[in-house]
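Notes for the structure review
Each chain, written out:
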Amino acid sequence: MSVVVMSAVRPSAAPVLVAFDAPTRQRRLTVAGRLLLVLPHLVALVVAGPTVLLIVAVGWFWALVVGRLPQFAAVILAGYLSWQTRVLAYLLLLTDVYPPFSLGDAGYPVRVTAQPGRLNRWSVLLRLVLALPALLVVTTATLGLGTVVLLVAWVAAAVNGRLPLSLHQGFAGFVR
């Protein structure tokens, strides 16, 4: 059973699809050490961060002038987003499969698909201002309630060997 959400608001918008497999058994040992296991990915993502920020800046200016991302930026940014999503899903116990160090999605139980398309230049121009409220909500949720819920989820998964369905759905919604 897979859950798929499409975040396209209007038919002309490029869709971003995020899919998670249903909750499965978790190895209790990996649940307990999940934060340590994910550290190499976090380091690699942070090291790649400045390059990705440069690509974001180039892509933003390009999209402002041309109305779409350049192909290289779309591929790299979609791959980086996929990698981040897989690592976050692993950390949040949405899967027990260790994420690959890859920009591709092949064969992993968490999939992100992004299709670049035409962009509204006004939206591109105001992107940072429009993103600030969402950033504030995500930061508050992550640092506040998310930390407590994640601790409860880790204990539940370590005891039961499986993340409860309600927590799985909640974390999947958060990742989306």
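Use the structure listed above.
Residues numbered from 1 in each chain as written. Predicted model: local features only at pLDDT ≥ 70, side-chain atom pairs only at ≥ 80, totals over all residues. Heavy atoms only, no water.

1. Points about the overall build of the protein
The number of helices and strands found in the protein is six helices and three strands. For the protein, the α and β elements follow one another from N to C terminus as β-β-α-α-α-β-α-α-α. Along the first, second and third principal axes, the C-alpha set of the protein runs to 55 × 30 × 30 Å. When burial is assessed residue by residue, the protein has 32% of its 176 residues classed as buried. (Helix = DSSP H or I, 4+ residues; strand = E, 2+ residues; numbered from the N terminus. Buried < 20%, exposed > 50% of the residue type's maximum accessible area, 1.4 Å probe, protein only.)

2. Details of a nonpolar patch on the surface
A cluster of nonpolar side chains, Trp122, Leu125, Leu126, Val129 and Leu130, forms an exposed patch at the surface whose accessible area comes to about 540 Å². Where the nonpolar patch is concerned, the elements lending two or more residues are helix 4 (121-125) and helix 5 (127-160). In this fold, leucine 125 is placed in helix 4. Taking relative accessible area as the criterion, leucine 125 reaches 41% and is therefore assigned partly exposed. (Patch = residues over 30% accessible without salt bridge, like charges linked within 9 Å, V, L, I, M, F, W, Y side chains within 5 Å. Areas by Shrake-Rupley, 256 points an atom, 1.4 Å probe, with all protein chains shown as cover. Salt bridge = Lys/Arg side-chain N within 4 Å of Asp/Glu carboxyl O.)

3. What about the environment of alanine 131?
Relative to the helices and strands, alanine 131 is located in helix 5. Note on alanine 131: relative accessible area 36%, which makes it partly exposed. Residues alanine 131 and leucine 151, spaced 20 residues apart in sequence, show a C-alpha to C-alpha distance of 28 Å.

4. A word on unusual backbone geometry
Positioned with a positive phi, leucine 93 is a non-glycine residue whose angle comes to about 65°. The residue leucine 93 is located in the loop between helix 3 (71-91) and strand 3 (110-114) in this model. Accessibility expressed as a relative area gives 1% for leucine 93, which makes it buried.

5. A closer look at the pattern of salt bridges
On inspection of all chains with the given rule, the structure shows two salt bridges. Of the charged contacts, one joins aspartate 96 and arginine 27 as a salt bridge, the two residues approaching to 2.8 Å between their closest N and O atoms. Placement of the pair is aspartate 96 in the loop between helix 3 and strand 3 and arginine 27 in the loop between strand 2 (16-21) and helix 1 (28-32), with a sequence separation of 69 residues. Relative accessible area serves as the criterion here: at 48%, arginine 27 is assigned to the partly exposed category. Put simply, arginine 34 and aspartate 96 hold a salt bridge, and the shortest N to O gap is 2.7 Å. Note that arginine 34 is positioned in helix 2 (residues 34-66) and aspartate 96 in the loop between helix 3 and strand 3, a separation of 62 residues in sequence. Comparing arginine 34 with aspartate 96, the two get one shared label, buried. When salt bridges with common partners are traced through the structure, they connect Arg27, Arg34 and Asp96 into a single cluster.

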